[in-house]
Amino acid sequence: MPSRPTRPSGSSRLRPTLRAVLSALQGPVPLSREQAMGATERLAATTSLLSSVEHLARRREHRSSRMNEWAISRDAYARYNRPFRKLLDLASDERTHRALHAGRVAASAALILPGNGRWRGAATLYLGVSGALLYPGERYGTDGSDQASTMVQTVTGLARLAPSSRTQDALIWYVALQGNLSYLISGWVKLLGPDWRSGAALAGVMRTRTYGHEGVWKLAHRHPRTTRALVYGVLGLECLFPVLYLRGGRLTRPVLGGAVLFHLANGYVMGLGRFLPAFAAMHPMVAYTSTPRSHPAAAGRDDTMPAAVALLAAGGAAVLGTVAAARRLRVTDTPHGGTAVTTRHGNELSVQGTLDGRSTDPVVVFVHGLGACPAYFAWIARAFGADRPWLMYNRAGYGPSRRRADGEFTLEESVDDLVDLVEAAVPEGRQVALMGHSLGGEISRRAAVRLGSRVNSVIYVDSSHPGQLTRSAQQGATAPRIGEGLRTMAISLRLGFGSLMRTPDPVANLPEQVRDKVRMEFADSRVWTAAVREWKAVEQDFPSFTGPLDALDTHALVLSAQRTVDRDPDHLLMHKDLADAHHGDRTVRSAVIEGADHDGILTDPQYAAATLRHLLAFLADTAAREPEARPGLPAGTEPSGLTAASEENR
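Residues numbered from 1 in each chain as written. Predicted model: local features only at pLDDT ≥ 70, side-chain atom pairs only at ≥ 80, totals over all residues. Heavy atoms only, no water.

1. Describing the layout of surface pockets
- The calculated volume of the largest pocket comes to roughly 1000 Å³.
- Within the residue set of the lining of the largest pocket, elements represented by two or more residues are helix H8 (165-192), helix H10 (200-206), helix H11 (214-222), helix H12 (224-239), helix H13 (252-270) and helix H14 (275-280).
- When residues in the lining of the largest pocket are grouped by element, the largest group, seven residues, is from H13.
- Reported here for the second largest pocket is a volume of approximately 900 Å³.
- Lining the second largest pocket are 34 residues, with Leu370, Ser438, Ile482, Trp535 and His598 sitting closest to its centre.
- Contributions of two or more residues to the lining of the second largest pocket are made by helix H20 (468-471), helix H21 (473-494), helix H24 (525-541) and helix H25 (562-567).
- In the lining of the second largest pocket, the residues fall into 15 nonpolar, 14 polar and five charged. (1 Å grid on protein atoms, 1.4 Å probe; cavity = no way out; pocket = protein on both sides within 12 Å on 5 of 7 lines; lining within 4 Å. Points joined across faces, edges and corners; volume = space filled by probe spheres on them. Helix = DSSP H or I, 4+ residues; strand = E, 2+ residues; numbered from the N terminus. Nonpolar A, V, L, I, M, F, W, Y, C, P; charged D, E, K, R; others polar.)

Rendered as structure tokens:
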């Protein structure tokens, strides 16, 4: 008698279904070249359509007295050549502006419709070029979606019009690589921030007025572990985005699906609705390039572009590494006429200046700020020349100065170094005037307490205050972003990207004799690594300050940059605290340098001249109040190497 067949168990019946689901969720997204271009065109056109309709509906914002008034915005393009400025003037004219956007609406609507004609290339290229022309006059109100669309549409339009499939594939690869970079850079930059790694950044963003969402913030605050897991998932998606090219594109569907869900969530929660079609417009080209060439959809695809990019990247890395090594040798080279002082911590400080035994005037010691360099005082030192004694030095870790200290860095280490520098480099009996910029002002104030009668005066130049992170809501809120920015710069430059760095405006305004050397210092990671170390110490030190400031029996000059105190009025009150800390029958003055910003108060020749006028008048008045009986020093007692002005600051 035949046996009755056994029924499969429930788990056995589920296995084929589960395998089918997993199979559907894995594998490449096989799009042909034509399908990839068509899908990209339509998604990017959706972004342009939404953007242009929005701008036409809100065209009043481009009239006079509005944030995007071109008469004001055009100043940012003053350094460009005249024909280009004329083109931007034409594009930003109100009638031209409306016509360009109307044309973008028509072109976008047409591109969303079916069709594969070459006219699509011309329409897509028009959207890219017009977007680039409109951007300068619409910087306020645009976002990353508009910039991404401009790039995608320009390249896709060229690809559609290209005469050969090899050129089309090269341009498609370009968009795909840009898409990978957009996720990679976003993810790794977030990963550098401790707030993102801890999961706190998401809750912080949800509390903002611009991108926040009260309901999501409450959930994130109530469920921190879930929030952290969600953040880790997003970071993993972005940082590992290129894994979809591995194993024949097996992970293409889950990675692209996760990216779409990510943009959908951003659109709903943060109001970034245009980000979905803008960044998803790169996905079809990513799908096409990640499909194995053995698949019929990608048969005949030319992959020369990624190989060429890899070769160029390897060659570029070698060149950047060589340039960085040569730059480091120049940055750490002791300046001509300089010397070195070893402090109690073993730190070796590079010192230069003018100092002899013929004058009894106080020696002006320049103390630079965080993430800056002594050459910020170059205009002042140049005006002093050899007639007035001065010293400038690099703090430990900056430029040629070496940090040899063991253990965790604190601000007191820098104070100790400054005290030791004065004791070693300035002959006994000579007084000093400590002139500190930014954090250098706070270091000078603390050193003055320790040096006592050796200090004639303290000159604060837009100085830091130990209570600024707690007394100023603005500075307390921006402190985490400062640290994150410094860390990003330090890591980028350690990777050899210094040659790609744009010259900072303060450096471009310095005297020509020092400009190249300072440009190299800022393109080297040492400045930024030292700044990260100091900023970490500031964040640990300043919040513990409860006041009042230590009383000082010295003269004082407090100079504030107008833009600093206009942006943060609390800072002006803290600068008053610095002046009030100087007691006794002493000269105490305060002044605001009109128009100056935090760095420009020293580096911009116009504002440096105003700073110099206040400084010279102050030094003259304080010298007149000093007793005549103070004896000078015999010639020949000055420290070696400090008898003449450095050639770089003469």
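2. Examining the pattern of salt bridges
- If you walk through the whole model with that rule in mind, you get 30 salt bridges.
- The residue Asp577 makes a salt bridge to Arg471 at a minimum N-O spacing of 2.4 Å. Here Arg471 lies in helix H20 and Asp577 lies in helix H26 (residues 569-580), a separation of 106 residues in the sequence.
- Judged by its relative accessible area of 26%, Asp577 is partly exposed.
- Salt bridges sharing partners connect three or more residues here, namely Arg344, Glu412, Asp416, Asp420, Glu442, Arg445, Arg446, Arg450 and Asp541. (Salt bridge = Lys/Arg side-chain N within 4 Å of Asp/Glu carboxyl O. Buried < 20%, exposed > 50% of the residue type's maximum accessible area, 1.4 Å probe, protein only.)

3. Focus: the packing of aromatic side chains
- Within this structure, the stated rule accounts for eight aromatic pairs.
- Each ring, one from Tyr183 and one from Phe241, has its centre 4.4 Å from the other, and the planes form 15 degrees; the classification is stacked. A residue pair is termed long-range when its members are at least 10 positions apart, and Tyr183 in helix H8 and Phe241 in the loop between H12 and H13 qualify at 58 residues.
- In this structure Phe241 comes out as buried when scored by relative accessible area, which is 0%.
- Pairing Tyr376 with Phe522 gives two aromatic rings, centres 6.2 Å apart and planes at 15 degrees, and the pair type is stacked. Of this pair, Tyr376 sits in the loop between strand E3 (363-367) and helix H17 (378-384) while Phe522 sits in helix H23 (residues 512-523), and the two are 146 residues apart along the sequence.
- Here Tyr376 falls in the buried class, since its relative accessible area comes to 3%.
- Of the residues examined, Phe522 reaches a relative accessible area of 3% and is grouped as buried.
- Among the aromatic residues, those joined into a ring-pair cluster are Phe366, Phe377, Phe384 and Trp390.
- Above the face of the Phe384 ring, Arg388 is positioned so that its terminal group lies 5.7 Å from the ring centre. (Phe/Tyr/Trp six-rings, centres within 6.5 Å; stacked < 30°, edge-to-face > 60°. Lys NZ or Arg CZ within 6 Å of the ring centre and 35° of its normal.)

4. With respect to the side chain of Asn266
- Counting through the fold element by element, Asn266 comes out in helix H13.
- On the accessibility criterion, Asn266 (15% relative accessible area) is buried.

5. Quick notes on the sheet that holds strand E8 (residues 588-593)
- Sheet architecture is open: eight strands sit in the order E1-E2-E4-E3-E5-E6-E7-E8, paired in mixed fashion. Among the strands making up the open sheet, the edge pair consists of strand E1 (339-342) and E8. Going from strand to strand, the sheet's axes swing by 20 degrees on average, the running direction of each strand aside.
- In this sheet, strand E6 (residues 455-461) lies alongside strand E5 (residues 432-437) in parallel orientation, the contact comprising six bridges. Within the sheet, the bridge partner assigned to Val432 lies in E6 and is Val455.
- Where helix H19 (residues 439-451) meets the sheet, it contacts E3, E5 and E6, and its direction lies at approximately 150 degrees from that of E5. (Pairing = 2+ DSSP bridges. Axes fitted to C-alpha atoms, helices over the stretch in contact; angles between N-to-C directions. Contact = heavy atoms within 4.5 Å.)

6. What about helix H4 (residues 82-92)?
- Listed in full, the buried residues belonging to H4 are Leu88, Ala91 and Ser92. Viewed end-on, H4 has its buried residues packed into an arc of 90 degrees, placing them on one side of the element. Those residues of H4 that are exposed and angled more than 90 degrees off the buried face are Arg82, Pro83 and Leu90. (Arc of directions from axis to C-beta.)

7. A look at the packing of helix H6 (residues 119-134) against helix H7 (residues 144-161)
- Orientation of H6 relative to H7, taken along the N-to-C sense of each, is 150 degrees, at an axis distance of 7 Å. One element, H6, and the other, H7, form an angle in the roughly antiparallel class. Crossing of H6 against H7: the hand is left-handed. Facing Arg120, Gly121, Ala122, Thr124, Leu125, Leu127, Gly128, Val129, Gly131 and Ala132 of H6, the residues of H7 in contact are Thr150, Gln153, Thr154, Thr156, Gly157, Leu158, Arg160 and Leu161.
- Residues of the contact of H6 with H7, tallied by class, amount to seven nonpolar, nine polar and two charged. (Parallel < 35°, antiparallel > 145°, perpendicular 65-115°, else oblique. Left-handed = near helix turned anticlockwise from the far one by under 90°.)

8. With respect to the confidence of the model for the chain
- When pLDDT is averaged along the chain, the result is 86; 89% of the residues meet or exceed 70.
- Here residues 628-650 scores under 50 on pLDDT; set against residues more than four positions off or in separate chains, the count is 57 contacts. (pLDDT = per-residue confidence, 0-100.)

9. Structural notes on the packing of helix H18 (residues 411-425) against H19
- At a minimum axis distance of 9 Å, the contact between H18 and H19 shows a crossing angle of 60 degrees. Classified by the angle their axes make, H18 and H19 are oblique. The crossing of H18 and H19 is right-handed. Of the residues in H19, those in contact with Leu411, Glu412, Ser414, Val415, Asp416, Leu418, Val419, Val422 and Glu423 of H18 are Leu439, Ile443, Ser444, Arg446, Ala447, Arg450 and Leu451.
- Tallied by class, residues from the contact of H18 with H19 come to nine nonpolar, two polar and five charged.

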